[in-house]
Structures are given as C-alpha cells and as structure tokens.
Amino acid sequence: MAVAAAVLGLTPGTAAAQPAPRDVCAVTDKRLAELSGLVSDGKRWYAVNDGGTRTTVYVLNRTTCAVERVINGPTDPYDVEDLARGADGTFWLADTGDNRAQRESVALIALTPSGETTLYRLTYPDRPRDTEALLLDRDGVPYLVTKSVFGVSDIFRPTGPLASPGPTPLENVGTVQIKSTDTQGGPINQMVGSMTITGGAVSADGAVVALRTYTDAYLFSAPDGDIATALTKGTPARVPLPAEKQGEAIAFEPDGTLVSASEGTGEPIRLVEGAAALAPSPGQRAAGTEDAPQAGAEDTTAEDTTAAAESDNGMATIPALGISAVVVGGVLLVMHRRAKRRA
C-alpha cells in the first residue's frame, strides 16, 4: 500500500486551455537519433545527443531542423541527458545519465561557443541517481531533477560554488510529484511513462520552470526565480505532448513558446505558442484544476488513495497490487532499450 500512496497521491496537473502542439520540421540527421536536450536563443535551436566521445552541441535551423554546424569540445562524456544555456551563452550539458545507478559521481560540462570545456563533477549525498532534467536559475545555479518511474522525483543543487574538476557535493532541496495522465506516447507503459521526468527548462526571464515526462509538460510559476520553491510548493499547468516516440527534450523560446522534441530519426520538433503564460500565478491553480495536494505535500494515506478511484483527468487508477509489476516492467524495458550504452 505504501507504493500505491506514493504513486497515487501526486500533483494535480489538469491540462490548461492552450494551442495544440504544432510540428515545425523533422530531425532527420542520424547524429541526433537520440536527441535528449534542447535550448533556443530565438534564432537557432541547440541540441545534444545521448552518448558520443566528445562534448557536442548541434546547431539547428529553426525552419528545416537541419544541422547548420557543430560545436565540439574535447571532454569525453558518459551519458548526456539534458542541455541548458547560461546568460553568457555558455552551454551546460548534464552528463547525469545513470540507468544502472552505479556512478560514483555525475557531471556538468560547460561548453563555450568556441568549443572550450570545463568539467564539474558532482556527488549525491546518499546514493547514485539517474537524472535527465537540468534547470539553471537566474543566478546560474544548476538544479538536477531525478528520473523516477514512481512519479516522485528528488531535486538537487550544489552545496556551494562549482569546483573543477571537483567533486562538489549536492544537497536535496525537496521533491516534485507528477501524476499519471491519459496522454498517449513514450517507449514504456503509458502510466509509468506519463510520470517519468525526462527533461527540464527555464524561461528566458527565469519566471517559469518546465519539466516534461514522455507524454506531458508541466509549467510552474517562479516569479522570484526560486526553482526549489516553485517545484515543491507550486501547482503546475499541464501541457499534453501526445504521440511523441520518446520525448526527452524541452525548451523555451525567448517569447515563452514551448519547444519539444523526441528521440528517433525523423521525429518532429514541435511548438506550443504562448505556453509560458499558462503557468498559474502563486496561490492560483491552473484552469480546471480541482482541490488536491500541492507538489511536495505529504503522500496520501492508503485510505485516501482508495477514495481517489479516479484521477483528475478521468483515467481510472491502477489497482495497488498491480503497480509494482507495472513499474518493474517499465524499468526493464528502458534498460533493455538502452543496453547499447556504456556500462
């Protein structure tokens, strides 16, 4: 029953009224077959691919999705899972993938537009984690949001200034909880995939934070730029991103348009115009969101879980006794699919 409480007592995220995602172009370059991170400066898109032996950012045309040039650095990454861009134009690659939960340290790699790299190793306070979401606040402080098939993800940030090569210890600043939805898509069981965080982004002004799963994006208001408070105390607006094969990339255009992309050759890059404005102000709920525990609230009891037989999108919840099997199955599928990656 503890598993059921962890999965079912989660953040509300009713889909807000919004424009439908619009396909712009398809990424056909085979070098980006595992596109996992994306940022935008309003003129170009910048993307990272899982794996590789060099620190690499691909510069994409925003009309055709063609690779216009490549920015390479000499550092050999382990498993890059997300991308952010600092105010000075530096790219930050989250070398934080750890499917087997065995890395003694993870890393952030800073890549300048001229191809210079700096490695910053990080250590978790307790145990290895698999992380696919990187967020940079207004001051350039990085936040890592872990990947959890249970829908409850930990939020970490460095305990102090980053040291190179480090390691710099990370501290846990809370949890963010994502509820299952009926949005279709992703490579694993739909219920599990709709709760699994695969990427993150922060708007140009630092006032809106986005987290995505394989199927949906969640927009949190952070008017003071406080990412930890936004994720642990805020109620997000949910933006469905249906039918993405393996959606792992999310970004904001400078005007607040949301950009999403999926792994897979020939998959589209999509836009949701005006998405940043959908994030509810502090103290307000997203349109149509009913009363429910906020992000970071304590797990519901087994009795509360039983009473919540329907989720806020009308999808029946999975019986408690079946949840463990679904989760384990999802994990095995992900590990099988990614067996080609380095141990």
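The rules behind each value
- Residues numbered from 1 in each chain as written.
- Predicted model: local features only at pLDDT ≥ 70, side-chain atom pairs only at ≥ 80, totals over all residues.
- Heavy atoms only, no water.
- Core = buried A, V, L, I, M, F, W, Y, C linked by side-chain atoms within 4.5 Å.
- Buried < 20%, exposed > 50% of the residue type's maximum accessible area, 1.4 Å probe, protein only.
- Helix = DSSP H or I, 4+ residues; strand = E, 2+ residues; numbered from the N terminus.
- Salt bridge = Lys/Arg side-chain N within 4 Å of Asp/Glu carboxyl O.
- Disulfide = S-S within 2.5 Å.

1. Some details on the nonpolar core
Nonpolar side chains tend toward joint burial in soluble globular proteins.
Argument step 1. Counting 17 residues, the largest nonpolar core has Leu135, Val145, Val176, Leu211, Phe220 and Leu231 as the members making the most contacts within it.
Argument step 2. Sorting the residues of this core by element identifies strand E10 (131-136), strand E11 (142-146), strand E15 (208-213), strand E16 (216-221) and helix H3 (227-233) as the ones contributing at least two each.

2. Some words on the pattern of salt bridges
Argument step 1. If you walk through the whole model with that rule in mind, you get 13 salt bridges.
Argument step 2. Across the salt bridge formed by Glu132 and Lys147, the nearest N and O atoms sit 2.8 Å from each other. Taken together, the residues span a long stretch of sequence, with Glu132 in strand E10 and Lys147 in the loop between E11 and strand E12 (152-158) at a distance of 15 residues. An identical accessibility class is assigned to Glu132 and Lys147; each is buried.
Argument step 3. A salt bridge links Glu244 to Arg270; the shortest N-O distance between them is 3.1 Å. Taken as a pair, Glu244 in the loop between strand E17 (237-240) and strand E18 (247-252) and Arg270 in strand E20 (residues 267-272) lie far apart in primary sequence, 26 residues in all.

3. As for the state of the cysteines
Argument step 1. This structure, assessed with the given rule, holds one disulfide.
Argument step 2. Through a disulfide, Cys25 is tied to Cys65; the S-S separation comes to 2.0 Å. Across the S-S bond linking Cys25 and Cys65, the dihedral sits near 75°, which makes this disulfide right-handed. Of this pair, Cys25 sits in strand E1 (residues 22-27) while Cys65 is found in the loop between strand E4 (55-61) and strand E5 (67-73), placing the two residues 40 residues apart along the sequence.
Argument step 3. Residue classification places Cys25 among the buried residues on the basis of a relative accessible area of 11%.
Argument step 4. Taking relative accessible area as the criterion, Cys65 reaches 2% and is therefore assigned buried.

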